[in-house]
Amino acid sequence: MQSTMQDGPLTITSILRHGAAIHADSEVVTFDGRDTQRTLFGGVAERAARLAAALQRLGLKPGDRIGTLCWNTREHLEAYLAIPCMGAVLHTLNLRLFPDQLAYIIQHAGDRVILAEASLLPLLKPLVPRLKSVERIIVIGDGDMSGFENALAYEDLLDAETGNFDWPELDERSASSMCYTTGTTGNPKGVVYSHRSTYLHSMAICMASVFGVGSTDRILLIVPMFHANAWGLPYSGWLAGSDLLLPGRHLQAEPLCRLIEKERPTFSAAVPTILNDLCQYAGSHASDLSSFRTVAAGGAAVPPHLIRDFQDRFGVRIIQAWGMTETSPLGAVAQPPRDCPPEEEMIWRSKTGRVAPGVELRIVDGEREVPWDGLSIGEIEVRGPWVTGSYYREAAPERFHAGWLRTGDVGTIDSRGYIQISDRAKDIIKSGGEWISSVELENKLMSHPDVAEASVIGIPDERWDERPLACLVLKAGSRVTVDELRAFLSDKVARWWIPERWSFLLEIPKTSVGKFDKKALRARNLEGTLTIAISEGGAAGPSQD
Ligand code: AMP
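Residues numbered from 1 in each chain as written. Predicted model: local features only at pLDDT ≥ 70, side-chain atom pairs only at ≥ 80, totals over all residues. Heavy atoms only, no water.

As for the overall build of the chain
Looking only at helices and strands, the chain has 15 helices and 28 strands in total. Relative to the globule expectation of 24 Å for 545 residues, the C-alpha radius of gyration of the chain, 24 Å, shows essentially globular dimensions. In terms of overall dimensions, the chain has a C-alpha envelope of 75 × 65 × 50 Å along the principal axes. For the chain, with 545 residues in total, the buried portion stands at 58%. Long-range contacts, defined as pairs at least 24 residues apart, comprise 68% of the intrachain contacts of the chain with a sequence gap of at least 6. Accessible surface, the chain as shown: approximately 22,400 Å² in total, 51% of it carbon and sulfur. Of the charged side chains in the chain, 56 are positive and 69 negative, and the gap between their average positions amounts to 1 Å. (Helix = DSSP H or I, 4+ residues; strand = E, 2+ residues; numbered from the N terminus. Rg over C-alpha atoms; globule rule 2.2 N^0.38 Å. Buried < 20%, exposed > 50% of the residue type's maximum accessible area, 1.4 Å probe, protein only. Contact = heavy atoms within 4.5 Å. Areas by Shrake-Rupley, 256 points an atom, 1.4 Å probe, with all protein chains shown as cover. Lys, Arg positive; Asp, Glu negative; His and termini not counted. Charge placed at Lys NZ, Arg CZ, Asp CG, Glu CD.)

With respect to the site of the ligand
Contacts to the ligand come from 15 residues, most closely from Ala321, Thr325, Asp409, Arg424 and Lys515. With respect to the ligand, the backbone of Gly299 contributes an N or O atom lying 3.0 Å from a nitrogen atom. In the environment of the ligand, a nitrogen atom lies 2.8 Å from a nitrogen or oxygen atom belonging to the backbone of Ala321. When the ligand is considered free in solution it has 500 Å² of accessible area, and contact with the protein chains removes 90% of it. A per-element tally of the shell around the ligand places strand S14 (residues 317-323) first, with 4 residues. Here the shell around the ligand is built from residues that sort into 5 nonpolar, 7 polar and 3 charged. (Near = heavy atom within 4 Å. Polar contact = N/O pair within 3.5 Å; in protein donor to acceptor, adjacent residues only side chain to side chain. Nonpolar A, V, L, I, M, F, W, Y, C, P; charged D, E, K, R; others polar.)

As for the packing of aromatic side chains
Scanning the entire structure with this criterion turns up 9 aromatic pairs. For the ring pair Tyr80 and Tyr235, a centre distance of 5.4 Å and an interplane angle of 45 degrees mean the geometry is tilted. In this pair, Tyr80 sits in helix H3 (residues 74-85) while Tyr235 sits in helix H8 (residues 233-240), placing the two residues 155 residues apart along the sequence. Judged by its relative accessible area of 0%, Tyr80 falls in the buried class. Exposure remark for Tyr235: the relative accessible area of 2% places this residue in the buried category. For the ring pair Trp348 and Tyr418, a centre distance of 4.7 Å and an interplane angle of 55 degrees mean the geometry is tilted. Of this pair, Trp348 sits in helix H12 (residues 345-349) while Tyr418 is found in strand S22 (residues 418-424), placing the two residues 70 residues apart along the sequence. (Phe/Tyr/Trp six-rings, centres within 6.5 Å; stacked < 30°, edge-to-face > 60°.)

Overview of helix H4 (residues 99-109)
Turning to H4, its buried residues number three or more, namely Gln101, Leu102, Ala103, Ile105, Ile106, His108 and Ala109. For H4, the elements touching its buried residues are strand S3 (65-69), strand S4 (89-92), strand S5 (113-117), helix H5 (121-124) and strand S8 (175-180). In the stretch just after H4, Gly110 is the one whose phi turns positive, near 70 degrees.

Describing the sheet that holds strand S7 (residues 151-153)
The pairing of strands in a sheet happens through backbone hydrogen bonds and is either parallel or antiparallel. With respect to topology, 7 strands assemble into an open sheet ordered S7-S6-S5-S3-S4-S8-S9, the strand pairing being mixed. The open sheet terminates on both sides in strands that have one partner only, identified here as S7 and strand S9 (190-194). Between one strand and the next, the sheet's axes are offset by a mean angle of 25 degrees, whatever the strand orientation. Across 4 bridges, the pairing between S3 and S5 is parallel. Along S5, the bridge assignment pairs Thr68 with Leu115. (Pairing = 2+ DSSP bridges. Axes fitted to C-alpha atoms, helices over the stretch in contact; angles between N-to-C directions.)

Here's the deal with the pairing of strand S12 (residues 267-270)
Residues Phe267 and Ala269 of S12 are buried on one face, and the alternating residues Ser268 and Ala270, pointing to the opposite face, are buried as well. Bridge analysis of strand S10 (residues 218-221) against S12 gives 3 bridges, and the strand direction is parallel. Among the inter-strand pairings, Leu221 is bridged to a residue of S12, identified as Ala269. The pairing of S12 with strand S13 (residues 294-298) spans 4 bridges and is classified as parallel. Its bridge partner being in S13, Ala270 is matched across the sheet by Ala297. You can see the chain leave S12, run along helix H10 (residues 272-284) and come back into S13, and the turn it takes is right-handed. (Right-handed = clockwise from strand over helix to strand, strands pointing away.)

Focus: the domain arrangement of the chain
Interface size is commonly expressed as the accessible surface area that is lost when the partners come together. Partitioning the chain into structural domains gives domain 1 (10-25 + 41-195) and domain 2 (429-544). Each of domain 1 and domain 2 was reduced to a C-alpha centroid, and the two centroids are 42 Å apart. (Domains from an automatic or database assignment.)

Some points on the side chain of Asp409
Here Asp409 shows up in strand S21 (residues 404-413). According to the relative accessible area criterion, Asp409 is buried, its value standing at 7%. A distance of 2.7 Å separates polar atoms of two side chains, one belonging to Asp409 and the other to Arg424. If we ignore the near neighbours within four places in the chain, the residues touching Asp409 are Trp322, Gly378, Glu379, Ile380, Ile421, Asp423 and Arg424.

Considering the environment of Arg112
Inspection of the secondary structure assignment puts Arg112 in the loop between H4 and S5. Separated by 21 residues in the primary sequence, Arg112 and Ser133 place their C-alpha atoms 5.5 Å from one another.

Below, the structure written as structure tokens:
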């Protein structure tokens, strides 16, 4: 039997139209480090129409890839709206990639045009001879355009058009945008989103059991728009009519705190490393963070002490979320269950997340799905309407399993659908035949008052195969010793988990999206450039615990 419902396509165009018509007076605020520039949704929609008209006049057609090399700004939002809605494909370029990787993804995607902020042109300049597919660079803002033939100024292009672009009717399954994974091994892999996947994902982000984004929110978009669609928040915020506060390149704690105090956001999303900096800075400068109702944290394990610190010191509720570029990125959100007494909130919020509506998740050990008992460990596999079913022009069969995406994350799931990630499959440490969770060791170490950052990697060991090496950054002025740190861990983890090898650094290397870069730490260990203190204090294998 057929339904009698109408069958309108689920497109970003309908998101654009809704926000522009219903929330024309919500605002987009871009921060330049000192001042803010404000435009209402109605004005942004008009500028998006001009951009689409200009791109069409340049000969861009449906399906063409258009790259963006931008921070979080109004112009980037205009590209988020104009490019998919004219039928082209928005390719957000991660400006922190190594030059070779940046050149690789531009070529692999076949970008015909790149919209680049003038201040970022120096990143592109050395790559120009290799970018064979790129016909034009459109430059946003003022800057030195020498070395770029065929460069055009963004504002000139918009000035030459009217705001009456006739948006085409699109197939909801056509490509809207693409993003490459920041893959720590091999070349980055391209994930192509559709209008439909983006539409459904945007609705899910607005659900109360996810982030509950609504028209009374002012969203401070810290997570970059070049990483996993900024967690879908530009589209969800537009759909819901939330004000969007865009901090540009000013992601350090000091300017962020100024922006927060001035603009009073209610919601934000960021990786734990940025939130850690924010917490330390706001604490020592008595910054006012009271405007936040919730801050979503994810992209890497969120240390429970960070969640507690934000709550106790600033009354800010951190909600942990899990996802990946491949999952648009929403996968799971750690909203506490409905019967949770207030004193137990923190336990639930410290979990990795509860499976989000629309996502199916299972944990697999080999071919066997493990029980939902919160104990059995395996690799997390997911599927759903905003989970990728393949990579762009790369087969990668090892990443899929009977229609499920293999996430490479290892963890457990309990009877209510809360997952707990113990590690990336490649980061988990196998010592004496048993597993040590690097994430758990890091969380425990970062709960020590003298530790600013902790990253634990497995290194080869003759007797136990692998042992943990703890790489730490101490807080300024700290004099804590290895023995004190070992004693601190002794009632928190199994005795044989406690590292013997310790390395104290000025900074943990970070990946292009701000996560601890364990690959770089492993490489430094292999090169012998880490100074390692050894403490032969204890047992090093499970058999001796
Ligand atoms: P990306 O595609 O760069 O967003 O990276 C996705 C990966 O980040 C996931 O596969 C996880 O390994 C990691 N990740 C994201 N969120 C979390 C979280 N809340 N806890 C632990 N790991 C996370």
